[in-house]
Each structure stands twice: as C-alpha cells, then as structure tokens.
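Letter by letter, the chains look like this.
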Amino acid sequence: MSRDRLPPLSALRVFEAAARHESFKQAAEELFVTPGAVSQQIRLLEEHVGVELFVRDGRRVVLSDAGKASAQILREAFEKMFEATRLMKAGVTKGRVTVSAAPSFAAKWLMPRLHEFSDANPDIDVWVSADMAPVDFAVTDIDLAVRYGNGHYPNLHVEHLLAEAVVPVCSPLLFEAAPIRKPADLEHHVLLHDVGFETDPSCPDWAMWLKAHGVDGVDATRGPRFNQSSMVIEAAVAGRGVALAKRTIAEADLAAGRLKVLFDEKDAPLQYGYYLVWPQTREPGPGQVRFMDWLRAEAAQTDAPARTDGERPVFAAMDI
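Residues numbered from 1 in each chain as written. Predicted model: local features only at pLDDT ≥ 70, side-chain atom pairs only at ≥ 80, totals over all residues. Heavy atoms only, no water.

## Describing the packing of aromatic side chains
Working definition: an aromatic ring pair is given by the centre-to-centre distance plus the angle between the planes.
Then, in step 1: Tallied over the full model, the rule gives 12 aromatic pairs.
Then, in step 2: With 5.1 Å between their ring centres and 90° between their planes, F117 and F291 make a pair best called edge-to-face. Remark: F291 occurs in helix α11 (residues 286-301) and F117 occurs in helix α6 (residues 103-120); sequence separation between them is 174 residues.
Then, in step 3: Residue class for F117 comes out buried when judged on its relative accessible area of 0%.
Then, in step 4: Judged by relative accessible area, which is 0%, F291 ranks as buried.
Then, in step 5: Look at Y148 and Y274: their rings are 4.9 Å apart centre to centre, the planes differ by 45°, and that puts the pair in the tilted class. Here Y148 is found in strand β5 (residues 144-149), whereas its partner Y274 is found in strand β11 (residues 268-279), with 126 residues between them in sequence.
Then, in step 6: Its relative accessible area of 16% is what places Y148 among the buried residues.
Then, in step 7: Note on Y274: relative accessible area 2%, which makes it buried.
Then, in step 8: The structure contains a cluster of three or more aromatic residues connected by ring pairs, namely F105, W109, Y148, Y272 and Y274.
Then, in step 9: The ring of F78 has R13 lying over it, and the distance from NZ or CZ to the ring centre is 5.2 Å. (Phe/Tyr/Trp six-rings, centres within 6.5 Å; stacked < 30°, edge-to-face > 60°. Helix = DSSP H or I, 4+ residues; strand = E, 2+ residues; numbered from the N terminus. Buried < 20%, exposed > 50% of the residue type's maximum accessible area, 1.4 Å probe, protein only. Lys NZ or Arg CZ within 6 Å of the ring centre and 35° of its normal.)

Take a look at the structure:
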C-alpha cells in the first residue's frame, strides 16, 4: 500500500479518540462502536503508516512515541474540520446559540433570566445543555459553556463570570415556626447536605461550618443528602431543613423571599467560581457575541462576593 495516500478518515477519527482517552474502550463508547472495531481500525492505521501507534501493556494501551507526536496535531485537525462543518451550517443555525452548563446553574441562575434575553433577541434561539460532564468542544456543536471550577481550562478562551459563596439558609416559615437565632439552635433542625459534583476544596460542609462557628453538640452528619445544589435549595424552600447554600444558585429564591439567610451571615468566598469558556479555534458569531455580552451584564448585576487576588477563602481546604 502506498504511503503517499492518506489513511481512511474513519481510522484517523478512531485513533484521535483512542489517543485522547488512552483507552480503546472509552473511544468505543464515544464513537458508538465496539472495542474490537476500535482495535481493528488502529491495526489498519498502523499497517498503513508502518509504525506502532500504541504500546500494549497487558490490558492497557499507551501511546508510542510516534502516537504522541501525531495525536495533538490530529486533534487540532479534527477541530478545524468540525469548525469548517459548523461554518457550512451557519446559514441554518445562525439564529441559534447552544450553551452548556451544570444542571444547578442552568436551572437556578440561567433559566430564571433567559426570557429577558429571548425577549430582547427574538431572532436568536438559545439551546441549553445541562450536563455535569465538561463539554468537549472538539466533538460537539456546543458554542460556549459556563463551568464551575478554578479557571484552569487549557486550549480554551477563559473568562471569569461569577464568584461564589456559601451561606446558611432556610424558608421564612421554618424560621418563624422554630427559633433559629444563633448557630447552636441548629441542634433542633434538620441539616440539608450538598454532596454534588459542583463542589470544591474550599466549600464547607456542615462539620466545617459548625466548627468554624464554635458550635459543639450538633451532629453534623445527620440529615438528607442531595447530589445537586439545586435540589438542596428546593428542599430548603419546601421547609425541609436548613441548608448551606451556594449564594449564586440560591439568589432567585432569596430575592423572591422564598429563602432567608440566617445569623446575618457574612458571605464566605470560595476558591472556585463560574467561568465562561469557548474554543480558541472558533470565532464567536454575532448571535454568540450578543449572548455572551448579555451573560456578562447579568453576572455583573448578581450579588455575589468578588474575591480579590490573593485573598484566602474563609473555608480553605487547609482548614479542614
């Protein structure tokens, strides 16, 4: 077989996925094929180029030197092809913006505001993809994402959008029904726990919060647990107990009077925040630019604590 011809595009696509995951199984799951099909395509590609691209180590595979040298270049090439395809479809999708965000942020911060953007921009449809997993822009047509994290996202444009803080909250009815005047009063209340993936090392749990406030005698392990911040908020609104709430996620319910911050608590800034990200290989279209400008304006109006550079979070991981 001539080495001057390009190998089949399908084999290159399989190699790119397998190289990114360093796993034939995960590549197969992404491409909706069997691991055996992935292995076959890799063998065909290796025969075509005449070198090993993966080194088999028992049940594991790792990239060879030749595989490492070509994987990133090939990934960038596929990103450019996806971008070219996106531009081809621009005439069809020019009135659409697709944004990815974690479910809690999408439900509790973005959705209550989204009608304002739609009212002001009737020519643009916003498609929201609520997903816990970070979006891979190389294999999707999502335009931008809002991520909760530390802001370290290689190969992406990254812009800080919102800070985050944690405050104790409960429903006004619960507050009036049973006295909650000081932290020690929590002994008589159900504690609601956020155990979701939208957490970070500086985000306090009840044990950390009670210790920081000098409270003894309260069992910080009791109470129901929820794997999304929005569910914790909904439980608190329903009067099911007292929650340590992310202020950004709880903002709409606080503004509407469905939740009340306890103990005149000062916001405890966290290490993580919300970041607007989009691919470095894509130039945002006019609709995306308008939506991003709207996000920035909404974020600027949100009552969240801005942490100055170098300021140590109140609940830092080293305090645990």
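## Focus: the pairing of strand β1 (residues 54-57)
On a regular strand, one side chain projects to one face of the sheet and the next to the other, so that they alternate.
Then, in step 1: Two strands pair when backbone bridges link them, and β1 and strand β2 (residues 60-63) are joined in this way by four bridges, in the antiparallel orientation. Residue pairing in the sheet places V55 in a bridge with V62 of β2. (Pairing = 2+ DSSP bridges.)

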